[in-house]
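Inside the fold
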Amino acid sequence: MEAYGTIDELNSFVGLAEAALRRTGRLDDIADELLEIQQELFDCGSDLAYADKPDVFKTGMDQVERLERRIDELDGEAPPIARFILPGGSEAAALLHVCRTVCRRAERRVAALAAEKPVSGAVLAYLNRLSDWFFVAARAANARLGVRDAEYARGANVFRRSDPPSPGK
């Protein structure tokens, strides 16, 4: 019940994010993807309910591969990351970050369920990639809306360096 319930909670936040993205008038393609994601989240719940009947699973690796392709595409729209990103920026991005964190919790709940009962590996893979999709979609939304990502200012540059380190440092 924890796994189903968390996926259902995620689906509700996805609906909220979809409405917010639609209001911007500049994120309709991502909003359209959110509608497809809502369908797929229902599929994930169905697959969990029928874990003992893999012949009726609806979630497959093709959805995971689609997410991976879109992660690469959306990631290309945002500037390179130097520091950790704080959830926020635009309202649209903030809601996508909420979806990301609820998705991570859903993944943890499904992983815990998998320790006790058979679970579709595609559902776990889907939720894992979906949380990354939410992250890059939030960054792409901010970029399209002209809003800078909020960086964790107290941290060092932990990702790509903008210029090479000086010799001896």
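Up top is the structure.
Residues numbered from 1 in each chain as written. Predicted model: local features only at pLDDT ≥ 70, side-chain atom pairs only at ≥ 80, totals over all residues. Heavy atoms only, no water.

Some points on the overall build of the protein
Assigned secondary structure in the protein consists of five helices and two strands. In the protein, the succession of helices and strands from N to C terminus is α-α-α-β-α-α-β. Taken along its principal axes, the extent of the C-alpha atoms in the protein is 60 × 45 × 25 Å. By residue count, 43% of the 169 residues in the protein fall in the buried class. Restricting to contacts in the protein with at least 6 residues of sequence separation, those with at least 24 account for 79%. Approximately 9,200 Å² of the protein is accessible, and the part contributed by carbon and sulfur atoms is 53%. Taking the average place of the 23 positive charges on the side chains of the protein and the average place of its 28 negative ones, the gap between the two points comes to 8 Å. (Helix = DSSP H or I, 4+ residues; strand = E, 2+ residues; numbered from the N terminus. Buried < 20%, exposed > 50% of the residue type's maximum accessible area, 1.4 Å probe, protein only. Contact = heavy atoms within 4.5 Å. Areas by Shrake-Rupley, 256 points an atom, 1.4 Å probe, with all protein chains shown as cover. Lys, Arg positive; Asp, Glu negative; His and termini not counted. Charge placed at Lys NZ, Arg CZ, Asp CG, Glu CD.)

Here's the deal with the nonpolar core
Counting 41 residues, the largest nonpolar core has Leu 96, Leu 130, Trp 133 and Phe 134 as its most contacted members. The set of elements that each furnish at least two residues to this core consists of α1 (2-24), α2 (28-49), α3 (61-75), α4 (91-114) and α5 (121-145). Take this core: its biggest share by element is 12 residues, from α5. In this structure Leu 96 touches Ala 17, Leu 21, Leu 34, Trp 133, Phe 134, Ala 137, Ala 138 and Ala 141, once residues within four positions along its chain are discounted. (Core = buried A, V, L, I, M, F, W, Y, C linked by side-chain atoms within 4.5 Å.)

What about the side chain of Glu 18?
Structurally, Glu 18 is set in helix α1. Residue classification places Glu 18 among the buried positions, given a relative accessible area of 15%. There is a polar contact of 2.9 Å between the side chain of Glu 18 and the side chain of Arg 22. Once residues within four sequence positions are removed from consideration, Glu 18 is found in contact with Ala 31, Leu 34 and Leu 35. (Polar contact = N/O pair within 3.5 Å; in protein donor to acceptor, adjacent residues only side chain to side chain.)

So, the packing of aromatic side chains
A complete count under the given rule lists one aromatic pair for this structure. Relative to Phe 134, the ring of Trp 133 has its centre 5.4 Å away and its plane inclined at 75 degrees; by these criteria the two rings are edge-to-face. A residue is classified by how much of its surface remains accessible, and Phe 134, at 0% relative accessible area, is buried. (Phe/Tyr/Trp six-rings, centres within 6.5 Å; stacked < 30°, edge-to-face > 60°.)

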